[in-house]
Amino acid sequence: MANDRPRVLSGIQPTSGSFHIGNYLGAVRQWVAMQETHDAFYMVVDLHALTLPQDPAQLRGNTRLAAAQLLATGLDPERCTLFVQSHVPEHTQLSWLMECLTGFGEASRMTQFKDKSSRQGADRTSVGLFTYPILQVADILLYQANRVPVGEDQRQHVELTRNLAERFNSRYGRTFTVPEPHILRETAKIFDLQDPAIKMSKSASSPKGIIDLLDDPKASAKKIKSAVTDTGTEIRFDPENKPGISNLLTIYGTLTDSAVADVEQKYEGKGYGALKTDLAEIVSEWAAPFRTRTQEYLDDPETLDSLLAKGAEKARAVAVETLAQAYDKVGLLPGKH
Ligand code: AQP
């Protein structure tokens, strides 16, 4: 029975058309695996997307596109609960309780906020960008999640979630499950192809630094072939001295389900060019059916919307209950229903 399983919760922003390979390898790939072993809740976090300016029509389109891509990677609505964050109003309601429990200094220490706000400039930074980690806390706690599969960049937010869950529980009595981050060491951080010192990122990477899964295969191949690598010739996994080639080895190994040591051995004595050419082929082969499936879901928006509506209904059943407990614990007077 699904309900006897540990709970898992994660989300992805509909902030750009295509997912990139960092989103997939760092997070979504784990989501697909965990739907088999966990009671899994996955969402498109459209409210989080609003922390940066969005064109309304594009946001709507990207939300459907994100859901279509999640289904195309292998999420199965029979095996997991897939929904859109804004369809479950309890997220923002619990977020308020969590904001009132968070210190201003504590929120100010979030590095994602510091990075994004410094890129935006103070005048264009919204209060929403400042408080979004706390909305994320509410996202996780609402479902009493045991595990949160994310990339390394989200570790601090899961840590904040743990702190706030413990604070709430000790102040008001046991209410929330304290979640663990689920971060796979190998793929925790996929790096920018042009600058292997920084993570591949929708907002910070240049177009040449990022492999978009919906890209034309020729474009992806070109990017992989021009990925920055060091001046040596040896194909060896050594993130410190060979960050570019190590990043390519990680992508190669994960997409082909092979150990990096085996990939190293396969390319012993061969140049970087051979590895890059083969990796371009592997990415293209992986992405072709993904693109077709994504398009099939997009071609039938009614089915997609009704699937998301069913997901929201399932998610709400859990969220309503948790919120009611939390409201009661803090002493809010029950309203008439
Ligand atoms: N480079 C990465 N390596 C590993 N995991 C990554 N993730 C993102 N980039 C990498 C993980 O993908 C999940 C969904 O990401 P998101 O788009 O909702 O959040 P994000 O962290 O904002 O993604 P980006 O591309 O880095 O966007 P910006 O530039 O807006 O910050 C998350 O679990 C994330 O860890």
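Structure's up top.
None of these values were measured; they are calculated from a predicted model.

1. Side note on the site of the ligand
Move 1: Among the 21 residues in the neighbourhood of the ligand, the closest are listed as Asp 153, Lys 199, Ser 201, Lys 202 and Ser 203.
Move 2: Here Gln 13 contributes a backbone N or O atom positioned 2.8 Å from an oxygen atom of the ligand.
Move 3: Here the ligand has 630 Å² of accessible area as a free molecule, and 97% of this is covered by the chains.
Move 4: Among the elements that make up the shell around the ligand, the one with the highest residue count is helix H1 (residues 21-34) (four residues).
Move 5: Grouping the amino acids of the shell around the ligand by side-chain chemistry returns six nonpolar, 10 polar and five charged.

2. Digging into the packing of aromatic side chains
Move 1: Counted under the stated rule, the structure contains 10 aromatic pairs.
Move 2: Chaining the aromatic ring pairs together yields one cluster made of Tyr 24, Trp 286 and Phe 290.
Move 3: A cation sits over an aromatic face here: Lys 270 above Tyr 267, 5.4 Å from the ring centre.

3. Considerations on the pairing of strand E1 (residues 7-12)
Move 1: Burial within E1 is extensive, with five of its six residues counted as buried.
Move 2: Both E1 and strand E2 (residues 39-44) contribute to a ladder of six bridges, which runs parallel. Residue pairing for E2: Arg 7 is matched across the bridge by Asp 39.
Move 3: The parallel pair E1 and E2, bridged by H1, forms a crossover whose chirality is right-handed.

4. Considering the environment of Ala 66
Move 1: Tracing the chain through its elements places Ala 66 in helix H3 (residues 56-73).
Move 2: A relative accessible area of 2% means that Ala 66 is categorised as buried.
Move 3: Each residue touching Ala 66, except ones within four places of it in the same chain, is listed here: Pro 14, Phe 19 and Val 44.

5. Overview of the pattern of salt bridges
Move 1: Evaluation of the coordinates by the stated rule reveals 15 salt bridges.
Move 2: Close ionic contact of Glu 186 with Arg 185 constitutes a salt bridge, the shortest N to O distance being 3.5 Å.
Move 3: Judged by its relative accessible area of 48%, Glu 186 is partly exposed.
Move 4: For Arg 185, a relative accessible area of 70% corresponds to the exposed category.
Move 5: In this structure, a network of salt bridges that share partners links the residues Glu 36, Asp 76 and Arg 79.

About the cut-offs
- Residues numbered from 1 in each chain as written.
- Predicted model: local features only at pLDDT ≥ 70, side-chain atom pairs only at ≥ 80, totals over all residues.
- Heavy atoms only, no water.
- Near = heavy atom within 4 Å.
- Polar contact = N/O pair within 3.5 Å; in protein donor to acceptor, adjacent residues only side chain to side chain.
- Areas by Shrake-Rupley, 256 points an atom, 1.4 Å probe, with all protein chains shown as cover.
- Helix = DSSP H or I, 4+ residues; strand = E, 2+ residues; numbered from the N terminus.
- Nonpolar A, V, L, I, M, F, W, Y, C, P; charged D, E, K, R; others polar.
- Phe/Tyr/Trp six-rings, centres within 6.5 Å; stacked < 30°, edge-to-face > 60°.
- Lys NZ or Arg CZ within 6 Å of the ring centre and 35° of its normal.
- Buried < 20%, exposed > 50% of the residue type's maximum accessible area, 1.4 Å probe, protein only.
- Pairing = 2+ DSSP bridges.
- Right-handed = clockwise from strand over helix to strand, strands pointing away.
- Contact = heavy atoms within 4.5 Å.
- Salt bridge = Lys/Arg side-chain N within 4 Å of Asp/Glu carboxyl O.

Take it as geometry only, folks, not as evidence of what the structure does.
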